[in-house]
Amino acid sequence: MVFSLVVLVVLVVLVAVVGKVIVSQRARERRSLLETELWRRLAPREQLVVKGDEPSAELAAVLDGAGGGDWRAVAKYLAEAGADSGADSRANRRWMRMEPLSTAASKEDHWLRRWREEEPRDAAAALLQTDALVQLAWEIRTGRYASEVTREQARGFHRVLGEAEQAAREAVELAPAEDPNPWVAQIAIAMGLGRSNEDFRQLWAEVTARDPHHLRAHEGALQYWCAKWHGSHELMHAFVDAALADAPAGSLLTTLRVRALFEQYTRDSAGAAAYRTPEFTAAVDALLADLEQADPAHPQLQAARGWAAWSLVMNARVAHAFEMFEVMGREVAGPWSAYEDPQTAFHRMRTIAVDAIARATV
């Protein structure tokens, strides 16, 4: 009798264990199938490309022409920047159109020097030269912390920024009085040369008097006001408050709040909980609403999507983050652009989202 009871208990335990194993196996299979389906909706890792690394056919042709000395193609391309559309300013679009050309000139500028020689009063050429010098200066310095920058790098950085400052003065003189971009070009110069807060406020007044919602300018100014450069958390957030006070819907200036909080939390070594506070959640919600109103042709749309996707993962809203990753496709932009290996970092964040969705669903 006792033996029979023991056998029965063992059988019951075995059935329970086997049942759990079967259920667990089925759960793993369902999870695997779900993960496979989710990954099918995203661009494969090997197809990811950082925004800007694959220029449009039009820009590629212009860059090829510049490499061959055809500065007129560059001048024509810059002159054709689109008119105002939605909440994005024409000046901001002209700036974004210029940036890849500045990058090219910072590496090889024979065509730009020829342009300046043949058309010394051309405002676009003067501005392009200014920004090319700025990019060259920051390339010399590198993006490392000040303590990691060598004395030689620092000297080269300040020397080239000094040249950029002189070029910027000429760009201001040659450009139409209402053009903010020669002033925008001075933001990175002021930051690098350590201009005082009061001097920077005067520079910023020149920018906003001409274009109060220039997104690229605001992105640069945010860096000046953050604690790692010449400001503080308080000054940085005050700057963002002022920028968003009258920002039109669709301007994507709402990325500033998310980026400011990222700067603050990184500086303070805040943990994951900081990204799940009501303050950060509200910042993400504002960015999502802004994205819905943005012009599909906004030059910083993909970068704003990147910040939204990253923020949603940090905010533990992985399902919504996955939708954003799906919209982004194969083009990596946003916070990952600053990583040494943007594609890997981007893919890792997508993996976090996919894994979290699968665990929560199965």
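Being a predicted model, the structure only gives us computed values, none of them experimental.

Turning our attention to the confidence of the model for the chain. Per-residue pLDDT for the chain has a mean of 91; in total, 91% of the residues score no lower than 70. Segment residues 7-13: pLDDT under 50, and zero contacts once partners within four positions in sequence are set aside and those in other chains are kept.

With that settled, consider the side chain of Asp295. Positionally, Asp295 belongs in the loop between helix 13 (278-293) and helix 14 (301-314). Judged by relative accessible area, Asp295 falls into the buried class, the value being 15%. Polar contacts involving the side chain of Asp295 include one to the side chain of Arg93, which spans 2.9 Å.

What follows concerns the nonpolar core. Val74, Trp111, Trp115, Phe200, Phe325 and Trp336 are the most contacted members of the largest nonpolar core, which has 95 residues in total. Non-local contacts of Phe200, meaning those with residues more than four positions away in its chain, are made with Ile187, Ala190, Ala221, Tyr224 and Trp225.

What follows concerns the side chain of Asn315. Topologically, Asn315 is positioned in the loop between helix 14 and helix 15 (318-328). The exposure class of Asn315 is buried, given its relative accessible area of 8%. Polar contacts involving the side chain of Asn315 include one to the side chain of Arg317, which spans 2.8 Å. Setting aside residues no more than four positions away along its own chain, Asn315 makes contact with Tyr275, Arg276, Phe280 and Thr281.

In a regular helix each residue adds 1.5 Å, so 14 residues correspond to 20 Å; helix 14 covers 20 Å between its end C-alpha atoms and thus fits that length. Within helix 14, 11 of the 14 residues are buried, which leaves it mostly tucked inside the rest of the structure. Buried within helix 14 are the following residues: Leu301, Gln302, Ala304, Gly306, Trp307, Ala308, Ala309, Trp310, Ser311, Leu312 and Val313. Along its buried surface, helix 14 packs onto helix 12 (255-267), helix 13, helix 15, strand 2 (331-332) and helix 16 (342-361). With its phi angle positive at about 65 degrees, Ala316 sits one or two positions after the end of helix 14.

This next bit is on the pattern of salt bridges. Two side chains that carry opposite charge are able to pair once their charged atoms sit near each other. Scanning all chains against the criterion turns up 22 salt bridges. The partner of Glu170 in a salt bridge is Arg116, and the shortest N-O contact between them spans 3.2 Å. Taken together, the residues Glu170 in helix 7 (residues 151-174) and Arg116 in helix 5 (residues 110-118) connect sequence positions 54 residues apart. Glu170 gets classed as partly exposed once you look at its relative accessible area, which sits at 29%. Under the relative-accessibility criterion, Arg116 is labelled buried at 13%. Of the charged contacts in the structure, one is a salt bridge between Arg317 and Asp285, with a shortest N-O distance of 2.8 Å. One end of the pair, Arg317, is in the loop between helix 14 and helix 15; the other, Asp285, is in helix 13, with 32 residues separating them in the sequence.

About the cut-offs
Residues numbered from 1 in each chain as written. Predicted model: local features only at pLDDT ≥ 70, side-chain atom pairs only at ≥ 80, totals over all residues. Heavy atoms only, no water. pLDDT = per-residue confidence, 0-100. Contact = heavy atoms within 4.5 Å. Helix = DSSP H or I, 4+ residues; strand = E, 2+ residues; numbered from the N terminus. Buried < 20%, exposed > 50% of the residue type's maximum accessible area, 1.4 Å probe, protein only. Polar contact = N/O pair within 3.5 Å; in protein donor to acceptor, adjacent residues only side chain to side chain. Core = buried A, V, L, I, M, F, W, Y, C linked by side-chain atoms within 4.5 Å. Expected span 1.5 Å × (residues − 1). Salt bridge = Lys/Arg side-chain N within 4 Å of Asp/Glu carboxyl O.

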